[in-house]
Amino acid sequence: MIGLISATAAGAAARDRLAAAWPDRTRVYDGPVKDAVRSAFAECEQLVCFLATGAVVRLIAPLLGEKATDPGVVCVDEGGRFAVSLVGGHGGGANELAGEVGELLAAQPVVTTATDSVGLLGLDALGLPVEGSVAAVSRALLDGEPVALRAELGWPLPPLPLAEEGAHSVRLTDRAVEPAENEVLLRPPSLVVGVGASRGAPVEEVLTLVDTVLREAGLSPRSIAELATVDAKAEEPGIVAAAARLGVPLVTYSAEELAGVRVPNPSDAPLAAVGTPSVAEAAALVRGGELLVPKRKSERADGRPAMATCAVVRRPARGRLAVVGLGPGARDLLTPRALAELRRASVLVGLDQYVDQIRDLLRPGTRILESGLGAEEERARTAVAEARAGHAVALIGSGDAGVYAMASPALAEASDDIDVIGVPGVTAALAAGAILGAPLGHDHVSISLSDLHTPWEVIERRVRAAAEADIVVTFYNPRSRGRDWQLPKALSILAGHREPTTPVGVVRNASRADESSRLTTLGALDPAWVDMMTVVTVGNTATRNIAGRMVTPRGYRWQESAPEEAR
């Protein structure tokens, strides 16, 4: 929950805008400011104070405790010009919150943590539990000193400028070890603890068993990703409370799913009780992995029968492939989600000219794998292979990655052993349409005229179908030096079903610095105006040129009141 505190009418107005935008995330604290800050600090994970930074510093100073547990605090000035990350930039999420507040209120986020200032991710901002010499290792990264990565298991990390050797180190491990001097431990969520329990099993018995098993196996409880059990135990109080106390989700599976998992220690008791010969081992293994600790039963001091069982599996690391559409070229048409994925990826794969567009947005330590035109399948295979190796990968394409771009070849290569995230982008037809007016106001289709991957006979059949159906058509890849006859042929097919006066829009390099466009007609279009950087949009029989803009009405009944020159 985010506590909102203000002292003036202007602050209250901005406060109320946040409260209205985030009704489920925020709570307004009224009354004397000192009391409001004290209450919010104790009750909320984050605070946004519409007060001077000096005032907030004095108010929260007596309340500050531990860096890892204090809430993140953001200050917004009286004029609403700045959103200042004051306390808990990483651990409390104040840096990210300052960005969100700034975006909503049109204020400038102010972030002064050293790593963020130079584009580095903070070691305590990677989304993983962290232990050890965070300050010393972060300082070494900032000073450009070599910091070694010692990964005891694969895990998709964001980009960090790490080396093979160095006096400082980052160790990725789920083992219960103490950090060495000048070392940071990162705890990946690699352990799945399967649990079974008799009805009424006490939470302390479940927790004691889990703690004992992990300690004896030399595993860190901070790497527990989830507790897993059978559906029949989804509301068993001892298991539910144990997951809550450990701060991890409780995941359940049907008895049928668990019965299909091969385990080393099946038993008749759970088969009779819940319909599967194994709960703890099967629930831990159902999604694959290495069984580190076979089924163990709890031990009770009173000598009565055990009421809990558990097993521990190290699940395989899943690489992450984000297929990112960069939009048509303009920086302000790159979506925030695409930007976030670019900055999250430790490996970037893309066409060299597209990499150049966004190279300045990448974080230090991002590994770039670029190639030239014609290597689409190679890029797709490379991106998938990097993800399978456990990396966080971004595969980029222009426009929308799913439209004549990299999503299709990448997903054809990918299987269910990696996580795949699609990030939509503004495709060329939309960018060109916005420049021309509203040519796509009714049914429309995009057709690539490149016959490098599709036989011309198939392309021609699609053009004829669009012509006969009176659908607005946008041609991608319309004409190149080696392919100069396909566009005239396609236009002649359309001309058999539409008047020569049908509006046609020609847009080159939509949204880029050298953008150009013209609105002409089907009869007047000169194919020489067109190249591979151009999209051509041909209207349907209802499309009109209105005040120099190409408009396709949403219906076929053109308004009777429309000016005569618009008809």
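Conventions used here
- Residues numbered from 1 in each chain as written.
- Predicted model: local features only at pLDDT ≥ 70, side-chain atom pairs only at ≥ 80, totals over all residues.
- Heavy atoms only, no water.
- Helix = DSSP H or I, 4+ residues; strand = E, 2+ residues; numbered from the N terminus.
- Core = buried A, V, L, I, M, F, W, Y, C linked by side-chain atoms within 4.5 Å.
- Buried < 20%, exposed > 50% of the residue type's maximum accessible area, 1.4 Å probe, protein only.
- Contact = heavy atoms within 4.5 Å.
- Pairing = 2+ DSSP bridges.
- Axes fitted to C-alpha atoms, helices over the stretch in contact; angles between N-to-C directions.
- Phe/Tyr/Trp six-rings, centres within 6.5 Å; stacked < 30°, edge-to-face > 60°.
- Lys NZ or Arg CZ within 6 Å of the ring centre and 35° of its normal.
- Right-handed = clockwise from strand over helix to strand, strands pointing away.

A. Broad picture of unusual backbone geometry. Even without being a glycine, Asn182 presents a positive backbone phi close to 60°. Along the polypeptide, Asn182 turns up in the loop between strand E9 (168-172) and strand E10 (183-186). Within the chain, Asn477 stands out as a residue other than glycine whose phi angle is a positive 45°. Relative to the assigned elements, Asn477 resides in the loop between strand E23 (472-476) and helix H18 (486-495).

B. View of the nonpolar core. Val193, Val195, Leu214, Leu227 and Val312 are the most contacted members of the largest nonpolar core, which totals 24 residues. Contributing elements (two or more residues each) for this core: strand E11 (191-197), helix H7 (203-217), strand E12 (224-230), helix H8 (237-246) and strand E15 (308-314). At seven residues, the largest contribution of residues to this core is made by H7. The residues touching Val193, leaving out its near neighbours within four places in the chain, are Val210, Ile224, Glu226, Leu227, Ala228, Cys310, Ala311 and Val312. Formed by 21 residues, the second largest nonpolar core is a distinct cluster that contains Trp456, Val473, Phe475 and Val536.

C. Main features of the environment of Ala469. Here Ala469 shows up in the loop between helix H17 (456-468) and E23. Placed 26 residues apart in sequence, Ala469 and Asp443 show a C-alpha to C-alpha distance of 9.7 Å.

D. Molecular detail of the pairing of E10. Along E10, one buried face is formed by Glu183 and Leu185 and the opposite face, lined by Val184 and Leu186, is buried too. Note: strand E7 (residues 130-132) against E10, three bridges, orientation antiparallel. Looking across to E10, one finds that Gly132 is bridged to Val184. With four bridges connecting them, E9 and E10 associate as parallel partners. Each residue of the ladder has a partner; that of Arg171, found in E10, is Leu185.

E. Representation of the side chain of Asn509 within the structure. Relative to the helices and strands, Asn509 is located in the loop between strand E24 (503-508) and strand E25 (516-521). Using a relative accessible area of 7% as the deciding quantity, one classes Asn509 as buried. With residues up to four places along the chain from it excluded, the contact list for Asn509 reads Asp514, Glu515 and Met533.

F. Spatial organisation of the sheet that holds strand E17 (residues 347-351). On the basis of which strands lie adjacent, the open sheet formed by five strands has the order E18-E17-E19-E16-E20 and parallel pairing. The open sheet has two free edges, formed respectively by strand E18 (367-371) and strand E20 (419-423), since each of these has just one partner strand. Each neighbouring strand pair of the sheet contributes to a mean axis angle of 15°, computed without reference to strand direction. As defined by bridge partners, E17 adjoins strand E19 (residues 392-397) across three bridges and the pair is classed as parallel. Considered in E19, the bridge of Leu348 is made with Ala394. With respect to the sheet, helix H12 (residues 336-344) is in contact with strand E16 (320-325), E17, E19 and E20, its orientation differing from that of E16 by roughly 140°.

G. Examining the packing of aromatic side chains more closely. The full count for this structure, using the stated rule, is two aromatic pairs. The lysine or arginine in question, Arg25, covers the ring of Trp22, its NZ or CZ lying 4.4 Å from the ring centre. In this arrangement the basic side chain of Arg518 is found over the ring face of Trp529, its NZ or CZ atom lying 3.9 Å from the centre.

H. Geometry of the pairing of strand E5 (residues 82-87). The pairing of strand E4 (residues 72-76) with E5 spans four bridges and is antiparallel. Among the inter-strand pairings, Cys75 is bridged to a residue of E5, identified as Val84. Remark: five residues form the turn of the hairpin made by E4 and E5, two consecutive strands paired antiparallel; Gly80 in that turn has positive phi of roughly 65°. One ladder, built from three bridges, connects E5 with strand E6 (residues 108-110); its direction is parallel. Note that in E6 the partner of Val84 across the bridge is Val110. Tracing the backbone out of E5, into helix H4 (residues 94-105) and back to the parallel element E6 gives a crossover that is right-handed.

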